[in-house]
Amino acid sequence: MPLVKHGTFIENEWTAIGDEDALPGDGPITVSLVRWQKERDALAGHNGRLGLRLPADADPTSIRADLGRFELIVLDFPKFNDGRALSQARMIRQRFGFAGEIRATGHVIRDLLLFMARCGIDAFELAPERTIDDWRAAMREFSVWYQPAADARVPATELRHRAMAAE
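Residues numbered from 1 in each chain as written. Predicted model: local features only at pLDDT ≥ 70, side-chain atom pairs only at ≥ 80, totals over all residues. Heavy atoms only, no water.

Student: Please give an account of the sheet that holds strand E3 (residues 15–16) that cites residues and values.
Tutor: Overall, mixed pairing links the eight strands, which are arranged E2-E1-E8-E7-E6-E5-E4-E3 in an open sheet. What marks the edges here is a single partner per strand, and that holds for strand E2 (8–10) and E3. Two strands pair when backbone bridges link them, and strand E7 (residues 101–106) and strand E8 (residues 123–125) are joined in this way by two bridges, in the parallel orientation. Bridge pairing links Ala-104 to Phe-124 in E8. Here helix H2 (residues 84–95) sits on the sheet and contacts strand E5 (50–54), strand E6 (72–77) and E7; the angle it forms with E6, its principal contact strand, is near 160°. (Pairing = 2+ DSSP bridges. Helix = DSSP H or I, 4+ residues; strand = E, 2+ residues; numbered from the N terminus. Contact = heavy atoms within 4.5 Å. Axes fitted to C-alpha atoms, helices over the stretch in contact; angles between N-to-C directions.)

Take a look at the structure:
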């Protein structure tokens, strides 16, 4: 699947390791939450960058203490009408202060790309038929916001207050 980060297609350098797969000697890997919980000590000693795949039904507070060990959190969007990963992203990015990459995978549809970015997701696994222009168009879809979000764009209420104060 094409991977978009910061407005451009990039190569996916991460290897997803299954729960029963042997760990490679080095290189960037992602592991499931289940494997992380079972093999935390062994995985912490991995000679390479470490990422975590978080299922949509997982509580992000369960990984809060471990976030400093990960450079990548992969959030799963299992179907188009399942927005739990949006809440996970916002919690991980804003409340927990995670500065690494948060990646959306699964059912990543154009209609949600902007909202994913506003929640703190900064990398997107797109469907093969999607182009970078689709992503860029989605990012320009709206220019005014009612709610504050992880992307720090100024909401409409604040813009209104600023305009009134300038009068």
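Student: Lay out the pattern of salt bridges in plain terms, naming residues and giving numbers.
Tutor: Under the counting rule described, the total for this entry stands at 14 salt bridges. When the shortest N-O distance is used, the salt bridge between Arg-40 and Asp-66 registers 2.7 Å. Residue Arg-40 is found in helix H1 (residues 33–44), and its partner Asp-66 is found in the loop between E5 and E6; the two are separated by 26 residues along the sequence. Under the relative-accessibility criterion, Asp-66 is labelled buried at 8%. Here Arg-110 ties to Glu-141 by a salt bridge, and the two come within 2.8 Å at their closest N and O atoms. Of the two residues, Arg-110 sits in helix H3 (residues 110–118) while Glu-141 sits in the loop between helix H4 (132–139) and helix H5 (156–166), which places them 31 residues apart along the sequence. Here the residues in one salt-bridge network are Lys-5, Glu-101, Arg-103 and Glu-125, joined through shared partners. (Salt bridge = Lys/Arg side-chain N within 4 Å of Asp/Glu carboxyl O. Buried < 20%, exposed > 50% of the residue type's maximum accessible area, 1.4 Å probe, protein only.)

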